[in-house]
Amino acid sequence: MSYQVESVLNAQAHLGECAIWSEREQVFYWVDILAPALNRFDPATGENRVYPMPAHIGCFGLRENGGFIVALRNGIFLTDAEGNIEKQVGDNPTDHSKSRFNDGHVDLSGNFWAGTIWEPRDHKGGKLVRVKPTGECEVMAGDVLVSNGLGFSPDGKWMFHTDTPNHVLYRYPVDADGNIGEREVLREFERGTGGRPDGAAFDSEGYYWTAMFDGGRVLRIHPETGETVDEIKLPVRWPTMVAFGGPDLKTLYITSSRENRSAEELAEYPLSGNVFAVRVNVAGRPEPLYRG
Ligand SMILES: O=C(O)[C@H](O)[C@@H](O)[C@H](O)[C@H](O)CS(=O)(=O)O
C-alpha cells in the first residue's frame, strides 16, 4: 500500500515524543522531552499550544477528571489542563541524575505506566512503573536500557514493551487483575538500516504499529508472529512515536527527533523534529484515561 505522509506541524522539536490523541477534545497532544514541554496541536486550526514543564517530560496520560498525569525526570505528577503541577503521585525509581522517564501509556484499567532510560548506558538499568489512581506506585518490570514501545492489546491479554538500543520487542501476559506475567521475546529486529523499535500503538484489529528509530519508517507488526505486515516510509530518519487520531481514528500522527543529530544529518533530513500525519485503512483505539 502507498501512503501520503504530510508534515502537519513544523515543530523542529529537539525530541518529539508521546503522541496521544484526545477523543474528548479532538486534538493531538505530544511532548518535546528536552524543551521540556507538553504540546496541544489542533489539526482543525493548525494551532499548537505549548505548556512548559519544570523538568524533562518523558510521557503523560490524559486524566478522566481533566488535566494530565506527567512523568518528569524527578517523578510522576498530576497537573491541571494547562500543565500546572498539582501533586506528586509517583517517584522515579532510579537515580534521576542518571535517568529520566521515557515512554508510557494508560492501561485498560485506567492505571498509568511509565518507563525510564538509564542514561549512563552501562547496564540495563531502565525500570517500568505503574501508578494506580488509588495511590500505589510500584516497579513492574526492568532489565531494559531504554524503556519504550509500551502498549496494551485491545483484548487486554498482552502488554508489549521494547528496549530500543537492544532492538527487541517483548510481550508480557496480562491477567484479569491487570498484573503482568513473565516476559517473552516477540521479535529481535535485525540490526542495520531498518532502525530500532521506539514508540508504538495498537490498532483496533490488535496489530502493533511501531516507529522505527533511525530507520525512517513505521512498521505494522502481527501481534502473534511479530512479523511485519505493512510499512510506511517517512521523510525523516528518526521517528519516535505514533498515535491514531482524527474523528475516525484513521489518521496516524507521528512525532520525530533532532536529538544528537549532526548538521549534515539535519541538512539531509530537514523535517526532523516535525509532527507528521498519514491516512491509514485501519482505525486505532480511543486512548484510555487515567482514573484520577
Ligand atoms: O523514546 C525515545 O525517543 C527516546 O527518548 C530517544 O532517546 C530514543 O528512543 C533513543 O535515543 C533510541 S536509542 O537509545 O538511540 O536506541
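These numbers were taken from a predicted model, which means no experiment stands behind them. (Residues numbered from 1 in each chain as written. Predicted model: local features only at pLDDT ≥ 70, side-chain atom pairs only at ≥ 80, totals over all residues. Heavy atoms only, no water.)

Novice: Hey, could you run me through the state of the cysteines in this one?
Specialist: Cysteine pairs can be covalently joined through their sulfur atoms, and such a bond is termed a disulfide. Tallied over the entire structure, the rule returns zero disulfides. C18 takes part in no disulfide bond, and the closest cysteine sulfur to it belongs to C59, at a distance of 5.3 Å. On the basis of relative accessible area, C18 is assigned to the buried category, the value being 1%. The thiol of C137 is unpaired, and the distance to the nearest cysteine sulfur, on C59, comes to 12 Å. (Disulfide = S-S within 2.5 Å. Buried < 20%, exposed > 50% of the residue type's maximum accessible area, 1.4 Å probe, protein only.)

Novice: Before we go on, may I ask you to explain the pairing of strand β2 (residues 16-22) in this structure?
Specialist: Looking along a regular strand, one sees side chains alternate from face to face of the sheet. Most of β2 is tucked away: seven of the seven residues are buried. Of the strand pairs in this sheet, β2 and strand β3 (residues 27-32) are connected by five bridges, and their pairing is antiparallel. Each bridged residue has a counterpart across the sheet, and for G16 the counterpart in β3 is D32. In this structure, the hairpin formed by β2 and β3 is closed by a connection of four residues, where Q26 is found at a positive phi of approximately 55°. (Helix = DSSP H or I, 4+ residues; strand = E, 2+ residues; numbered from the N terminus. Pairing = 2+ DSSP bridges.)

Novice: Even after reading the chapter, I still don't get the sheet that holds strand β13 (residues 137-144), so can you show me in this structure?
Specialist: Strand pairing in a sheet relies on backbone hydrogen bonds, with the paired strands running either antiparallel or parallel. An order of β10-β11-β12-β13 is seen for the four strands of this open sheet, with the pairing classed as antiparallel. If you trace the sheet from one side to the other, it starts and ends with β10 (99-106) and β13, each paired once. Ignoring which end each strand starts from, the neighbouring axes of this sheet average 25° apart. The sheet contact formed by strand β12 (residues 126-131) and β13 spans five bridges and is antiparallel. Paired with V131 across the bridge in β13 is C137. (Axes fitted to C-alpha atoms, helices over the stretch in contact; angles between N-to-C directions.)

Novice: How should I be thinking about the site of the ligand in this particular structure?
Specialist: Near the ligand you find 16 residues, and of these E17, N102, R121, R196 and D198 are the closest. Between an oxygen atom of the ligand and a side-chain N or O atom of R100, the distance comes to 2.9 Å. At 3.5 Å, a backbone N or O of P165 approaches an oxygen atom of the ligand. Burial of the ligand by the protein amounts to 92% of the accessible area it has alone, namely 380 Å². The cavity that encloses the ligand is the largest pocket. Counting residues per element, the ones that place at least two in the shell around the ligand are β10 and β18 (196-202). (Near = heavy atom within 4 Å. Polar contact = N/O pair within 3.5 Å; in protein donor to acceptor, adjacent residues only side chain to side chain. Areas by Shrake-Rupley, 256 points an atom, 1.4 Å probe, with all protein chains shown as cover. 1 Å grid on protein atoms, 1.4 Å probe; cavity = no way out; pocket = protein on both sides within 12 Å on 5 of 7 lines; lining within 4 Å. Sits in = over half its atoms within 2 Å of the grid points.)

Novice: Is there a simple way to explain the layout of surface pockets in this structure?
Specialist: Where empty space is left becomes clear once a probe the size of a water molecule has been rolled over the atoms. Of the pockets and cavities examined, the largest pocket occupies roughly 340 Å³. Along the wall of the largest pocket there are 18 residues; nearest its centre are I117, R121, V146, F213 and E259. Those elements giving two or more residues to the lining of the largest pocket turn out to be β10 and β18. Grouping the amino acids of the lining of the largest pocket by side-chain chemistry returns five nonpolar, five polar and eight charged. (Points joined across faces, edges and corners; volume = space filled by probe spheres on them. Nonpolar A, V, L, I, M, F, W, Y, C, P; charged D, E, K, R; others polar.)

Novice: I tried to follow the sheet that holds strand β16 (residues 168-173) on my own but got confused; where do I start?
Specialist: The strand order across the open sheet built from four strands is β14-β15-β16-β17, with neighbouring strands paired in antiparallel fashion. In this open sheet, the two edge strands, each paired with only one partner strand, are β14 (147-152) and β17 (184-188). Averaged over all pairs of adjacent strands, the angle between their axes in this sheet comes to 25°, without regard to strand direction.

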